[in-house]
Amino acid sequence: MGVIKKAFIAGGCFWGMEDLFRRQPGILDTEVGYLGGVNDQPTYANHPGHAEGIELTYDAEATSFKHILDYFFRIHNPTTIDQQGNDRGSSYRSAIFYQNEEEKSIAEEVIKIVDASNRWGNPIVTTLETFSQFWPAEPEHQDYLVRNPNGYTCHYERFEKGFL
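Thresholds applied
Residues numbered from 1 in each chain as written. Predicted model: local features only at pLDDT ≥ 70, side-chain atom pairs only at ≥ 80, totals over all residues. Heavy atoms only, no water. Helix = DSSP H or I, 4+ residues; strand = E, 2+ residues; numbered from the N terminus. Buried < 20%, exposed > 50% of the residue type's maximum accessible area, 1.4 Å probe, protein only. Polar contact = N/O pair within 3.5 Å; in protein donor to acceptor, adjacent residues only side chain to side chain. Contact = heavy atoms within 4.5 Å. Axes fitted to C-alpha atoms, helices over the stretch in contact; angles between N-to-C directions. Parallel < 35°, antiparallel > 145°, perpendicular 65-115°, else oblique. Left-handed = near helix turned anticlockwise from the far one by under 90°. Nonpolar A, V, L, I, M, F, W, Y, C, P; charged D, E, K, R; others polar.

Asks: Is there a simple way to explain the side chain of Ser91 in this structure?
Replies: Within the fold, Ser91 resides in the loop between strand 5 (87–88) and strand 6 (94–98). On the basis of relative accessible area, Ser91 is assigned to the buried category, the value being 14%. Among the polar contacts made by the side chain of Ser91, one reaches the side chain of His47 at a distance of 2.8 Å. Those residues in contact with Ser91 that lie beyond four places of it in its chain are His47, His50, Ala51 and Glu52.

Below, the structure written as structure tokens:
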């Protein structure tokens, strides 16, 4: 195993994102939770300003932040503000929570590539937000689609090939 890193992203309901990412090469662990809001100890019922997001633990020798973002842009609609499928509100925004300037630069580069492809047909509205704190969601939200295989999700692979 190589260098272990974490990535923090949000792209709508965290259940579907987690379920798809858990199967990706190099992803060692996933956890759903809340990012970028105003209160400490957010809950599903009380997370003002927080996005439903995921913490990805990955082996940087088996995958990269850039490839994680490439997949991220394939499995959710990054052209809708505060909406994924039927879910609406800032909790469902498309966001990349960067931990340092290198991640910010990579995110900006990938957004430019995705935008230039015009495969989404509309401009990318994904926000770049400084990572501050990840708050794990309640246990009933972790691995939700593993425990509820027919549960709600609006995430799926929209493009067979990536953008890179």
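Asks: In this structure, what is going on with the packing of helix 2 (residues 65–75) against helix 3 (residues 101–117)? I would like to understand it.
Replies: When two helices pack together, their arrangement is captured by the angle between the axes and the distance separating the axes. Helix 3 packs onto helix 2 with a crossing angle of 40 degrees between their chain directions and a minimal axis gap of 10 Å. Accordingly, the angle class assigned to the pair helix 2 and helix 3 is oblique. In this structure, the crossing between helix 2 and helix 3 has a hand that is right-handed. Between helix 2 and helix 3, the residues in contact are Phe65, Lys66, Leu69, Asp70 and Phe73 and Glu103, Ile106, Ala107, Glu109, Val110, Ile111 and Val114, respectively. Each residue belonging to the contact of helix 2 with helix 3 can be placed in one class, and the counts come to eight nonpolar, no polar and four charged.

Asks: Hey, could you run me through helix 1 (residues 14–21) in this one?
Replies: In an α-helix there are 3.6 residues to a turn, and that puts residues three or four apart on one side. In terms of burial, helix 1 is largely enclosed, as eight of its eight residues are buried. Phe14, Trp15, Gly16, Met17, Glu18, Asp19, Leu20 and Phe21 are the residues of helix 1 that are buried. Here the buried face of helix 1 lies against strand 1 (4–11), strand 2 (27–35), strand 3 (51–59), helix 2 and helix 4 (144–147).

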